[in-house]
Amino acid sequence: GRGQIIDLVGIPGIGKSRVISEAARLAQEQGFAAFGGACAANAVNTSYHVWQPIWRALFDINAERDPIALQQALEEKLVAIDPVLRSRAPLLGTVLGITLPDNELTRSFEPKLRKESLENLLADCIRAWAREQPLLLVLEECHWMDALSRDLIQILAYSIVDVPVTLLLSYRTTELKERGVDGLASLAYHEEIELQDLQPFELRQLAVTRLNQLQSADVTRAIPDGFLDLIVQQAEGNPFYLEELTNFIHVRDIDIYDELALTQ
């Protein structure tokens, strides 16, 4: 019944997306509705880029529909929450990544008021939906987040304290302090989880599993220790690097039981 904010931090390839995928699966098993978006390096100046797929899914709308019909559908969604919100439907165009015609009310809004009104509208929607079903909102690659998306996270962070909403944000380790959202770390319901390098014995287990999967290996035969040691050493604790190494071995059709292959 309470909000939670989680910063998931790690170097590239350490497994943030894999952890997020598993977290979403577990959340859905427990009755959450899960929605997600990802930032992109070429969209750091695109307003609300990471939020657009999330809000389209939350409002259950198809951006290809006729703008008038789309606005009517959005108004119906807002009326179901609170009839007072109906007149603010045109504000949603920016966060949905579509163009909606202004009405008499929104046409009079200057930019600052327009932004604040939109943020408050979205917070009202999240709170209303969360009372019907817990929500997991995932935002990946947040080191590439645009400024308006960060502002919206900050607004929502203070709005979810007493409703069942989890905000799960992933960052690269080196970028968190520079690109993180101001003020979140001071909240009692904020937590940072940093993914560490895998230990050698964990990498060995992963290597054996991957090689057996890729090569339909005879699981009754032990893969030579020297072969596994080389893979573990080259992976340097990073599961993505290890996966690429095992893919390379598979593509090259290297016999994992051949000791000579180790020297080649």
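Placed above this text is the structure.
What you see as residue numbers is a count from 1 along each chain, following the sequence as written. The predicted origin of the model limits local features to residues at a pLDDT of at least 70 and limits the giving and counting of side-chain atom pairs to 80 or more, whereas totals for whole chains, interfaces and linings rest on all residues. To obtain the side-chain values, all non-hydrogen atoms of the structure were included, while hydrogens and water were left out.

Novice: Account for the overall build of the protein, naming residues and giving values.
Specialist: Counting from the N terminus, the helices are the DSSP runs of H or I reaching at least four residues and the strands are the DSSP runs of E reaching at least two. A count of helices and strands for the protein gives 12 helices and 5 strands. Its C-alpha atoms give the protein a radius of gyration of 23 Å, clearly above 18 Å, the size a compact globule of 264 residues would have. Counting all 264 residues of the protein, 43% fall into the buried class. Looking at the protein alone, contacts between residues at least 24 apart form 75% of all its contacts between residues at least 6 apart. Both definitions apply: the radius of gyration is a C-alpha atom measure, and the globule rule equals 2.2 Å times residues to the power 0.38. Note on exposure labels: buried denotes an accessible area under 20% of the residue type's maximum, exposed denotes more than 50%, and partly exposed covers the range between, all computed with a 1.4 Å probe on protein chains only. We call two residues in contact when some of their heavy atoms are within 4.5 Å.

Novice: Any chance you could break down the nonpolar core for me, citing the residues and the numbers?
Specialist: W51, W55, F59, L92 and I126 are the most contacted members of the largest nonpolar core, which has 51 residues in total. Of all the secondary structure elements, the ones that give two or more residues to this core are β2 (33–38), α2 (52–59), α3 (67–81), α4 (92–96), α6 (111–132), β3 (135–140), α7 (147–159) and β4 (165–172). At 8 residues, α6 tops the list of elements feeding residues into this core. What we call a nonpolar core is a set of buried Ala, Val, Leu, Ile, Met, Phe, Trp, Tyr and Cys residues that are connected through their side-chain atoms within 4.5 Å. Counting 13 residues, the second largest nonpolar core, distinct from the first, contains L203, L211, I231 and V232.

Novice: Please set out helix α1 (residues 16–29) residue by residue, giving values where relevant.
Specialist: In a helix, the anticipated span is given by 1.5 Å times the number of residues less one. An ideal rise of 1.5 Å per residue puts 20 Å on 14 residues; α1 measures up with 20 Å between its terminal C-alpha atoms. Those residues of α1 not exposed but buried are K16, I20, A24 and A27. One side of α1 carries all its buried residues, which in axial view fall inside an arc of 75°. Residues of α1 that are exposed and angled more than 90 degrees away from the buried face: R18 and E29. Its buried side turned inward, α1 meets β1 (4–10), β2, β3 and β4. Our arc is simply the arc of the directions from the helix axis toward the C-beta atoms.

Novice: If you had to explain the packing of aromatic side chains to someone new, which residues and values would you point to?
Specialist: To describe a pair of aromatic rings, you give the distance between the ring centres and the angle between the ring planes. Paired rings are identified among Phe, Tyr and Trp, the last through its six-membered ring, by centres lying within 6.5 Å, and are further divided according to the angle between planes into stacked (under 30 degrees), edge-to-face (over 60) and tilted (the rest). Within this structure, the stated rule accounts for 5 aromatic pairs. Relative to W55, the ring of W51 has its centre 5.8 Å away and its plane inclined at 35°; by these criteria the two rings are tilted. Residue W51 shares its accessibility class with W55, and that shared class is buried. Here the aromatic rings of W55 and F59 are separated by 6.2 Å at their centres, their planes lie at 35°, and the arrangement is tilted. Here W55 and its partner F59 are both found in helix α2, 4 residues apart, which amounts to about one turn of the helix. Side by side, W55 and F59 carry an identical accessibility label, which is buried. Members of the aromatic cluster, each reached through a chain of ring pairs, are W51, W55, F59 and W129.

Novice: Hey, could you go over the packing of α6 against α7 for me, with residue numbers and the actual values?
Specialist: In this analysis an axis means a line fitted to C-alpha atoms, helices contributing only their contacting stretch, and an angle means the value between N-to-C directions, from 0 to 180 degrees. In contact at an axis separation of 10 Å, α6 and α7 are set at 45° when each is read in the N-to-C sense. Classified by the angle between their axes, α6 and α7 sit oblique to one another. For the pair α6 and α7, the sense of crossing is right-handed. Counted together, K115, E119, L122, A123, I126 and R127 of α6 and L148, D151, L152, I155, L156 and S159 of α7 form the full contact between these two elements. Nonpolar residues are Ala, Val, Leu, Ile, Met, Phe, Trp, Tyr, Cys and Pro. Charged residues are Asp, Glu, Lys and Arg, and all others, Gly as well, are polar. Taken together, the residues that form the contact of α6 with α7 break down as 7 nonpolar, 1 polar and 4 charged. Orientation is classified from the angle alone, with under 35 degrees giving roughly parallel, over 145 giving roughly antiparallel, 65 to 115 giving roughly perpendicular, and any other angle giving oblique. Helix crossings get a hand from a simple test, with the near helix turned counterclockwise from the far one by less than a right angle marking a left-handed crossing and a clockwise turn marking a right-handed one.

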